[in-house]
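Structural description and commentary
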Amino acid sequence: MTKRREIGFTLIRGFLAILIALLVATLLIFISAEGDGIGEKMEAAGEALKQLLIGPLFRMGKNGTSFELKRLADVFAAMIPTIFTGLSVCVMFSANQFNLGSEGGSMLGAFVAGMIAVYVPMAAGIHPVVAVLAAGVAVAVVMLIPAVLKAKMGVSEMVNSLMLNYIIMYIIKYLMSTHLADKSKGQIQSFPFMETAKIGPIVDNSVFTGAKLTWGFVVALIAVVIVAVFMYRTRWGYSIRMIGINQSFSMYSGMKVGAVVVLSQVLGGFLAGVGGGIEMLGRYPTFSWSALPGYGWTGITIAILAGNNPLYVPLAAFFMAYLSKGCDLMATYAGVPAQLIDIIQGVIFLFFAAEQFMARYRQKLVVKTAQEELQRKNAQSLEEGGAVNV
Amino acid sequence: MSNFVSMLLTPEFFFSILRISAPIIFATLAAIVVEKAGFCNIGIEGLMMFSALSGSLVSYYAGSWFWGLLAALVVGVLMSLIMGFFAFQMKTDIVLVGIAINMMGSGGTLFLCKVITNITEGRAMASTTGLITKDLCIPDITIPLVNKIPFVGQVLSGHNLLTYLAFLLCLLTSIMLYKTSLGLNIRAVGENPNAASSVGVSVLKIKYIAMGFSGLMSGFGGAFMSMAYAQGWSLDMVAGRGFIALAAQAMGNGECLGGMLSSLVFGFAQALGIKFSAIGLDSNLASPIPYAVTIIGLVIFAVSRNRKELKKRSSAALEKKASSQA
């Protein structure tokens, strides 16, 4: 197949998967819409859908629709942690390591960065940098557990990383409710972060500050480039991808499979931790999470949408953040529960990952390309006075 | 310390181990059968969530636990068949199908609960705990005669119907796998699908059956969670039991008896955690105990398996050497 057709096919296929998911969503919205009779329900569902699809860009009020920068900035800000978890999952899944620890990883990263922001005074410029790096390193060290167990003993990294998610959550909850809690407050939270540790908005105006669109966004984009270069332009990145494609072949061609298995998970942990740390210092004044944030699961969807290619991660993250914002708006203005996002996410995920989805169409395209090639060759050989292949 | 031990040696404690193990046993059976058919279903967690919700809702609306249980089973089987469709026919990686189901099982059940019942607790949460009363739960059963035996009677009698069923199903599943032609086919498909298909076994059909079976078991597990373990469904109530079951399956070496024993180990760990928090340990420190035990258990299992393998290989090498010398 020609490259142009390949890209066209991928786009059509992705578009259809999203369309199916939106159809399912529409059906669910219709069912959950308030109103008596089909007509009223239709109207309510239409309103809800409008909020879902164009709400993240436009404010719809009595005096018409108007573009709103604040909502778009919200969407961009929401991409910060999920770009990191998306990259983290990309690296781990590329090596065929189904480590699902990005979820706990981003919580642990947020916790470590938050604690450094509370207890370790430093100069303004380096404080957030040190805190975020420490967060990354802490999670990388924790990810050594499933990674080494997998590499040395063949224990399933999937089960171990899932168990670690729970363990991380409970231990953080324990520390937060006992030793590190700010007992003067009604809810469970840490003492406030030092001013020096906070990550500021890119532009200091009301829109960017309100949306918490911080420098973390720029860092996330830089991380995308670095990870892409690492995966496609370095020896280690090549080994990670090769082991994902064919582990035995990589082993017999002399790659250190165990080391790469560990490396991919440690790197994935580092990225998840950095993402959690940046999110915490950019968005919150104190640490107050009491449950897993869900960034890890979104990260998995993003990695699948991006086909494990780091360069497409921001696009996929934008898409997910846009949908999620749309669902939030729908919950606020149309009364449809925001958890609809989980169902949409699941359906898109299923169709995107389905190899046979539209395989027949793909087959047709391949045949068409081959026939065209044959025709061209025949025409060429006729010109030169040769025989014709039929 | 001795005080604590004497607290553990009560019939209530052993009773609670059996009760806590039951959903893990169901989930482990679900994991065992698909593993025998040659693949891994990590969506058990999500299947249990959906079954738990539908079970509690239907039992409320129908006014009877029986219909609730039936609904939980039907939903479990249907969802698992959908998973099978994506995995076998659409060629989605089965791990990814499982992740998708788990994703939907967490937030999606909350969405459905809110939409169907119109109940909201605060702004974000919802649950069906207010709807389910004691008579809508699956009943407990007192075994006559046995309940008169001191200690043992208190441990064994008075359990939920599904708790007994869990242990019974261990036996039945084992018989199904090793004494019936269906079981033989399932194992054959898992061992070597090409060989199975060459003797006329429909690999696809067997895989669907295995998947449906795991959905059925997840349905029992889900129903137990929302209609016996707790009264009513609440968000993320399955709390990783579907994942622990994957570990129990591995530790039990893929056999029903082993899986049951490792489920009991996890049940013990959790019951111990509950006791710890009863004597004043922070519940946030007690709650991760079963998860930590899972990791440790997997490691111990892997070490012993690797050692066995090494022994087997070295003894095979020795034999070879001996035979070549002779």
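To start, this report covers the structure provided alongside it.

Rules of the game
Residues numbered from 1 in each chain as written. Chains lettered and ligands numbered in written order. Predicted model: local features only at pLDDT ≥ 70, side-chain atom pairs only at ≥ 80, totals over all residues. Helix = DSSP H or I, 4+ residues; strand = E, 2+ residues; numbered from the N terminus. Buried ≥ 20, exposed ≤ 12 C-beta atoms within 10 Å, placed from the backbone. Contact = placed C-beta atoms within 7 Å. Rg over C-alpha atoms; globule rule 2.2 N^0.38 Å. Expected span 1.5 Å × (residues − 1). Axes fitted to C-alpha atoms, helices over the stretch in contact; angles between N-to-C directions. Parallel < 35°, antiparallel > 145°, perpendicular 65-115°, else oblique. Left-handed = near helix turned anticlockwise from the far one by under 90°. Nonpolar A, V, L, I, M, F, W, Y, C, P; charged D, E, K, R; others polar. Arc of directions from axis to C-beta.

Attention shifts here to the overall build of chain A. The helix and strand tally for chain A stands at 15 helices and two strands. The buried share of chain A, reckoned over its 390 residues, is 50%. Within chain A, counting contacts between residues at least 6 apart in sequence, those at least 24 apart form 74% of the total.

Each helix and strand counted, chain B has 14 helices and two strands in total. Taken against the 2.2 N^0.38 rule, which gives 20 Å for 326 residues, the C-alpha radius of gyration of chain B at 21 Å falls within 12% of a compact globule. The 326 residues of chain B split such that 49% are buried. In chain B, 73% of the contacts between residues at least 6 apart in sequence involve partners at least 24 apart.

Bringing helix H4 (residues 102-119) of chain A into the picture now. Under the 1.5 Å per step criterion, the end-to-end length of H4 of chain A is 25 Å for 18 residues, consistent within 8% with the ideal 26 Å. Burial runs high along H4 of chain A: 16 of the 18 residues are buried.

This paragraph deals with the packing of helix H1 (residues 3-32) of chain A against helix H2 (residues 37-54) of chain A. All names here are of chain A. Axis separation between H1 and H2 bottoms out at 8 Å; the angle between their running directions is 130°. Considering the angle they form, H1 stands oblique to H2. Relative to H2, H1 is oriented so that their crossing is right-handed. For the pair H1 and H2, the contacting residues are Thr26, Ile29 and Phe30 in the first and Lys41, Ala45, Ala48 and Leu49 in the second. Tallied by class, the residues present in the contact of H1 with H2 amount to five nonpolar, one polar and one charged.

Okay, the environment of Tyr361 of chain A next. Among the secondary structure elements, Tyr361 of chain A is positioned in helix H15 (residues 359-383). Along the sequence, Tyr361 of chain A and Phe9 of chain A sit 352 residues apart, while their C-alpha atoms lie 8.6 Å from each other.

Take the packing of H4 of chain A against helix H6 (residues 157-177) of chain A next. Residue and element names in this part refer to chain A. Contact geometry for H4 and H6: axes closest at 8 Å, N-to-C directions at 25°. Relative to H6, the element H4 lies roughly parallel. You can see that H4 and H6 cross each other, and the crossing is left-handed. Within the contact between the two elements, H4 uses Glu103, Gly104, Met107, Leu108 and Phe111 and H6 uses Leu164, Asn165, Ile168, Met169 and Ile172. Residues of the contact of H4 with H6, tallied by class, amount to seven nonpolar, two polar and one charged.

Turning our attention to the environment of Phe276 of chain B. Mapped onto the elements of the fold, Phe276 of chain B is located in helix H12 (residues 256-278). Taking the C-alpha atoms as reference points, Phe276 of chain B and Phe4 of chain B, 272 residues apart in sequence, are found 8.9 Å from one another.

Quick look at helix H8 (residues 216-233) of chain A now. Residues and elements named next belong to chain A. Spanning 18 residues, H8 covers 25 Å between terminal C-alpha atoms, matching the ideal 26 Å at 1.5 Å per step. For H8, every residue scored as buried is listed here: Gly216, Phe217, Val219, Ala220, Ala223, Val224, Val227 and Met231. One side of H8 holds all its buried residues, which, seen down the axis, span an arc of 150°. Exposed and facing more than 90 degrees away from the buried side of H8 are Val218, Ile222, Val225 and Arg233. Taken together, the buried residues of H8 touch helix H3 (69-94), helix H9 (235-245), helix H11 (257-283) and helix H13 (313-334).

Taken together, the contact between chain B and chain A spans 40 residues of the former and 39 residues of the latter. Among the elements that line the side of chain B that touches chain A, the one with the most residues is helix H5 (residues 94-117) of chain B, at 14 residues. Looking at the side of chain B that touches chain A residue by residue, the classes come out as 26 nonpolar, ten polar and four charged.

This brings us to unusual backbone geometry. Residues and elements named next belong to chain B. Backbone geometry at Asp236 places phi at a positive 55°, although glycine is not the residue there. Within the secondary structure, Asp236 is located in the loop between helix H10 (203-229) and helix H11 (241-251). The phi angle at Asn253 is positive, at roughly 60°, despite the residue not being glycine. You can see Asn253 is positioned in the loop between H11 and H12.

Interpretation in functional terms is not warranted from these geometric data alone.
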